[in-house]
Structure formats: structure tokens, C-alpha cells
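# Coordinate analysis (summary)
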Amino acid sequence: MCAARAGPGEPVPGWQPAFGAAVTLPARVPAELRPLDVLAELLPGSGPARGVRVLQAQGLSGLQLRASRPRALAFPASRLFLHCDRFPEEFSIIVTLRVLAVPTKRNEYIFTLMAEESPGVLLGLRYSPSKLHFLFWSPERAGGWQNRVTFRNVSLADSRWHTLVLAVSGPSFSLSVDCGLPKDVVVETPFPASLSVRRASFYLGNRRRRKGFFTGLLRQLVLLPGADATPRICTALNYKATALSIPAVLQDVPVKAVSNEVLKYPHGTNMKVTLGSRPPCTKQEKAQFWFNASRRGLYLCDGSAWISMLEVKQRLDYVEEYQDLVTNSETMGIEVFTIPRVGLFAATANRHSPPGSAIYKWTDGKFVLYQNIPTYQAQSWKYFTIGKKIFLAVANFEQNDKGQEFSVIYKWSHRKEKFVTYQRITTHSARDWEAFVIEGEAFLAVVNHREGNNHNIDSVIYRWNPSTGLFETNQTIPTSGAYDWEFFAIGPYSFLAVANTFNGTSTNIYSHIYIWLSGSFQLFQSILTFGAADWEVFHIGDRVFLAVANSHSYDSRIPAPSNFYAINSSIYELNITAQMFVKFQDLLTYSALDWEFFSVGDDYFLVVANSFDGFTFSINSIIYRWQGYEGFVAAHRLPTVGCRDWEAFNTTEGSYLLYSSAKEPLSKVLKLKTT
């Protein structure tokens, strides 16, 4: 492959495969070549060319192609390939576009490369309502031959922005849409090793005729020779708007003055700065400022929320005990949540009934009892909303006084300002609820721990039925003495991880991660765990981590270890290339039951709930600080008694941790002191 605008002396990183791509390259790859911005070649430096219009949609700018003559949207290939008239043998094409509705039988061209003396397409990209086609010419065959590689089930015509990465290497073609799992195609006829572009031209949005003219918006069209662009594109959180190379005219669209008036600073604006505790932020306070002295931060009201304008970054110095929260009985789990325009609350899942569990409200800087709710050895609470409806679900472990075993969903009554019973669901020693939304639909998943002495039973995923206003069974998943569900999304994909604890003979069993495909959860990965009690997913920058709390190692078939409870809990990191979570770090824990991730300023932390070391329940739980290359390092040791659950929360007065004790009717609020 000959160079096209190559940078002298650049490194040789090699080809990085896409997320699961089958594309491979030879061991030695020429020096990395710079991205070639095809779209920019059509535009003069001063602004859009004739027949091209800049439009904005969903916060991004794109080019609308409006030329009446297709040749007006063309330029010679020699402007890109200065020192070589051969198209790269291995390359990526990156496209960011917004496609409007396309008629069923219509195809539209994104671009083509055509020789001046021939009507055939040397190379091109076109789409239909559900397919993407890559076209290329094979000169090796007698007289040449047009080839087409088709990627099926590619839906672009939804009036939304999408970023496509097409990686080509020999007979292998890989397409990623919005950084999702790639679609891989291997064909008999490979992409030619020597495709001449002499006297050829690029045509944007057409194939040198009006039929099949592109009707959407183009934001990015880049050719990257000799490298897979996926690792570059799929590192940003907003992957649909990621830019490898964007024409300058699309990077910053100036604000237009109304009626050709000159934009002026509004000197007459009534600027007001409020001091003290957080004031309300409504339309009346819009454009007003609030200075938070405790955090040394300046905030601007946008009409609904306070936006940080200037804030001194805080660092965690130490942790101090702030409040002893006396509970109805031992507490198995806690849930901290905020009801808009009402306040901050904490729900405790208490062991004994009566008196059941309780909800506390943050009042004057403390949690104060707000409501008692009858529960039956409650294990956990889950707060969630559906539209304007507010719910709180409890996982009950035991039967009620009538011998019935069910968990309950409560709904917030705005009139009573209390939670009232809404729906009862039959469960089996329920441990945990998880609420989530996929493609606009609401789901609620329960972890069933055991039925009698049988730990190998189904846990259930329920789907919200808007017609009946109830949750209905959608899917069952086999679990083994499960303790916890953890839902998370990565790009367009949704995952659900289950912590399997005990299968009847051993705690050394596999926990599973499921991925949502074709309307149901399917197995994605299995990870060996040891009495897994909790999964915690978290992000640091663009990296995705998953931490498991291992509670104890026991197997009736092998000799007992010296200590069941002193055992490593593990942190896994998503490896996009391998399409799996790989172990990142082991941390020694003592019957760990929970992880909680939180941040203070620019620092990231994990706190573990250590519950028992084999001798005593009075044991330190530990806060670990993220140290980059070193991973997580112990930073603070916190005395706890039978620690079961951690929750991190913030108020205008500062940042706090709340932990529950499964061995005494006393939970504690700790305040994070910062510098």
C-alpha cells in the first residue's frame, strides 16, 4: 500500500481489531496514516460550497446536499492521494450521518468513487431502509467486476445521528454502528490489493446521477488508511457524536442575531447573587447566581436546576461519625433516594416483623423517622419511577402472618405524602429488586434466593404493562441462591448481572452476565465467584468496571479452608476487543456483602462492607482510593459491626456515607470531610 498524506516518522501501532471484529492484518503494518477528511475536500475554507447547506439537528451540525448537478458535489481523488494513485488495501471508513425516512425500495448513496471514463463504481457506500451496502470494483477478474457486501438489519432511517465504522481487510468486512457489536462478513472476492484511482473522482451523496441522491445530513466522512478506527471512535461517552475529523464549518456554528441586530451584552440585566443554603431554582430565578460558601462554588440557575460555573475541587481528608440512626431492628439493606419537591429519604430493610421496616426523611441535617411499613425479614428496597409515578419495592425474605410469601411494590401518594401498597408479587426468599428501562419499556427484576431447601430456582423479570398499570412476568432466569441483580448499559447494549451465592453444596460457583438481544436477556459471560453477594458497576473516564463482593468460600466436597471468610473480592474491567470483562484487581475482604462507588471532587472511591472475619463481626470496612495505574489502594479504615450495605449521598451541606448493620439495630451516617 502506498502512502496518502503520510506523516513522516509516525509510530507503528498495528491494527487494533474492532469490538469482536474478525478483521486481521499481517504482522507488519506500514506507518500509521493520517485520517483523510473526504467531506472537507468539498468545502472551501471560508464556508459551505454552492449546493451545500449547513443545518443543525439534535444539537449537531451537518451538511445537506442540495446541488442540482451531481458533478457539483465532486472533487478529483488526486486531492487526497497526492503521491499515489492506488486506493489503500486495508482501511476504515467513518461516517456520521442523520438519515430521514427512506421509501421501502429506495437506495441512497453516501458517497462513490468513480473513474471519469466509466459508469461503474470503483468504491461506494449506499443504504436502504434496513441494509447497508459497500460496493467495490475487482479489476483482477476479466474486464473487471462489481462486488457488493451487504450488512443486513442496519436501521439508520430514524432521523437520529449515527456513526458507522466500516473496517476492510482483504476478504473481511466489519461494520460497527454506534460502537455496538460489529457485523462481520467474509466474502470470496477480497478487496483488491491494487485499485487504481487515476482520473477518478469522489462524488458525495450520489453516483453521478440524480437517482439515489442522499437526502439526509452528513457530518463526518473520513477515510483512515491502514488502521481500524473503532478504538479511536469508541472511547468517547457520546459515541454518536465522536469526531475523528470534522470540517471546520461544522465545528462551531455562530449564533445569529435577530433581525440582523448586533449581539450586545445585556448591561441592564438584573444580576443577583444569593448566599447561604441552596435557594429554589425556577423560571423566576433564571439567570441568577448562588454562591455556596461551604463548597466555594458559584452556580447559575437555568430555570430548573443549578449549574456549576466555578467550583473548587474537593479532596477527601478524613471520615467522621455524624449520626447514629436507631432502627427498628437489624438492617439488611438501605436505599437512599430523593422525591422531587419533597425531600431526601432513606429506607431501611429491617429483619424483624413487627415492627417491620422504616423510611426516614432528611430534616435539619439528620435522618428522622417518617413512615413505618410492615415487612417480613426485609432484605432490600428499590426506588424507581415510571413517568410521573414514584414506586418503592421491598424484597421480603419470609412469609407473612397468614403463611403467604410475597414482596410488595409501594406507590407514593402525593395526597397523603406517604407510600401506599400498590402491587403484591409472589417471591421466594427474595433478596433484591432491580429496576431498569430498555428501549422505553420499564422492567423490574427480583432475585429469588431459595424455595424451601432448594437454592436452584428461577428468578423473574417483570415488564410494566401500561394498559393494566401492573408488572407482568416477562422472563425467568435460573439462579443459584442468588443475592443481587445489577443492571447497566454500555452504548446501545443493556446488561444484567446476577450474583449467584450457593447451589446447595458449594459457594464456589459461576455468576452470570446477561445481554439484552432480540427482546430477552441471553447469556453473555460467566465468572467464577465465591458466595457472591453483590455486583457494582462503575465508570472511570471511558473505562467500565464491575466489582463483585465475595462473601465466603465453601464446598462440601473438599476439605474446609483455614478461613471461609478471608477471601479476595475482584474488580473486572470491560475489554472491548475481547468482548468480555477481564480481571483487573483482587482485594482481600472479609465476608464482603456490598460495594459502593462514589467520587469526591476529581477522586474516585470504592467502599466495601466487610461483615465477618471468622471470629468477630466488629471489623473494619475499608474505603479504597483510585490511584490510576496502581488500581484501588486502601485509604480509610472504618469500624463497623456486621456491615451489610453502604449508600453514598450528597446534600447541600456536604457528602455522606450511610451503612447498615445486620447485627445490631443501629446504622450510622458518616460525613466525608474534605480539604
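The chain appears in an unreviewed UniProt entry as Thrombospondin type laminin G domain and EAR repeats from Phasianus colchicus. Recorded in UniProt for the chain, the comment headed Subcellular location (unreviewed entry) runs: "Cell projection, Stereocilium".

With that settled, consider the overall build of the chain. Scanning the chain for helices and strands turns up 3 helices and 48 strands. Within the chain, buried positions represent 53% of all 675 residues. Element-wise, carbon and sulfur atoms account for 50% of the exposed surface of the chain, whose accessible area totals about 30,900 Å².

Here the amide bond leading from Ser353 into Pro354 is cis, since omega sits at -10°, within 30 degrees of zero. Omega for the bond connecting Pro354 with Pro355 falls within 30 degrees of zero, at 5°, which places this linkage in the cis form. Tracing the sequence through the fold places Pro355 in the loop between β23 (343-350) and β24 (357-363). Located in the positive-phi region is Ala287, a residue other than glycine, with phi close to 75°. Turning to its location among the elements, Ala287 is positioned in the loop between β17 (273-275) and β18 (289-292). The class for Ala287 is partly exposed, based on a relative accessible area of 38%.

Looking now at the sheet that holds strand β4 (residues 74-76). If you trace the 6 strands from one edge of the open sheet to the other, you get β4-β15-β7-β8-β9-β10, paired in antiparallel fashion. In this open sheet, the two strands that pair with only one neighbour each are β4 and β10 (145-152). On average, each strand axis in the sheet is inclined to that of its neighbour by 15°, with strand direction left out of account. With 6 bridges connecting them, strand β8 (residues 121-128) and strand β9 (residues 131-138) associate as antiparallel partners. Across the sheet, Tyr127 pairs through a bridge with Leu132, a residue of β9.

In this structure, Phe87, Ile93, Leu132, Phe134, Phe191 and Phe202 are the most contacted members of the largest nonpolar core, which totals 52 residues. Non-local contacts of Ile93, meaning those with residues more than four positions away in its chain, are made with Phe111, Leu123, Leu125, Phe134, Leu164, Val165, Leu166, Leu221, Val222 and Leu223. One finds Phe337, Ala378, Val394 and Trp412 within the second-largest nonpolar core, a separate group that totals 18 residues.

The next subject is the environment of Cys643. Checked against the element boundaries, Cys643 lands in strand β46 (residues 643-651). Its relative accessible area of 0% is what places Cys643 among the buried residues. Taking the C-alpha atoms as reference points, Cys643 and Asn610, 33 residues apart in sequence, are found 6.0 Å from one another. When near neighbours in sequence (up to four residues on either side) are disregarded, Cys643 contacts Leu593, Ala609, Asn610, Ser611, Ser621, Tyr659 and Ser660.

Turning our attention to the state of the cysteines. One pass over the full model with this rule turns up 1 disulfide. Bridging Cys281 to Cys301, the disulfide has an S-S length of 2.1 Å. Torsion about the S-S bond of the Cys281 and Cys301 cystine: about 95°, corresponding to right-handed handedness. In this pair, Cys281 sits in the loop between β17 and β18 while Cys301 sits in strand β19 (residues 297-301), placing the two residues 20 residues apart along the sequence. In this structure, Cys281 and Cys301 share a single accessibility class: buried.

Opposite charge on two side chains permits pairing when their charged atoms draw close. Here the structure, examined in full by the defined rule, presents 13 salt bridges. Among the salt bridges present, the one from Arg543 reaches Glu573, with a minimum N-O distance of 2.7 Å. Placement of Arg543 in strand β39 (residues 543-550) and of Glu573 in strand β40 (residues 566-575) is noted, with a sequence separation of 30 residues between them. With relative accessibility at 16%, the residue Glu573 sits in the buried group. Through salt bridges with shared partners, one network takes in Asp85, Arg86 and Arg198.

So, about the pairing of strand β25 (residues 366-373). As judged from the 7 bridges shared by β24 and β25, these two strands associate in the antiparallel manner. Bridge pairing in β25 links Tyr360 to Leu369. Counted along the chain from β24 to the antiparallel partner β25, the turn is 2 residues long, and its residue Asp364 has a positive phi close to 55°.

Strand pairing in a sheet relies on backbone hydrogen bonds. The paired strands run either parallel or antiparallel. If you trace the 4 strands from one edge of the open sheet to the other, you get β30-β31-β32-β33, paired in antiparallel fashion. Two strands lie at the open edges of the sheet, namely β30 (430-438) and β33 (470-480), each paired on one side alone. Strand-to-strand twist across the sheet, computed as the mean angle between neighbouring axes with direction ignored, equals 20°. Strand direction decides the pairing type here: strand β31 (residues 441-448) and strand β32 (residues 456-465), joined by 4 bridges, are antiparallel. What sits directly across from Phe443, in β32, is Arg463.

About the cut-offs
Residues numbered from 1 in each chain as written. Predicted model: local features only at pLDDT ≥ 70, side-chain atom pairs only at ≥ 80, totals over all residues. Heavy atoms only, no water. UniProt positions renumbered as here; feature names shortened; annotations may be inferred. Helix = DSSP H or I, 4+ residues; strand = E, 2+ residues; numbered from the N terminus. Buried < 20%, exposed > 50% of the residue type's maximum accessible area, 1.4 Å probe, protein only. Areas by Shrake-Rupley, 256 points an atom, 1.4 Å probe, with all protein chains shown as cover. Pairing = 2+ DSSP bridges. Axes fitted to C-alpha atoms, helices over the stretch in contact; angles between N-to-C directions. Core = buried A, V, L, I, M, F, W, Y, C linked by side-chain atoms within 4.5 Å. Contact = heavy atoms within 4.5 Å. Disulfide = S-S within 2.5 Å. Salt bridge = Lys/Arg side-chain N within 4 Å of Asp/Glu carboxyl O.

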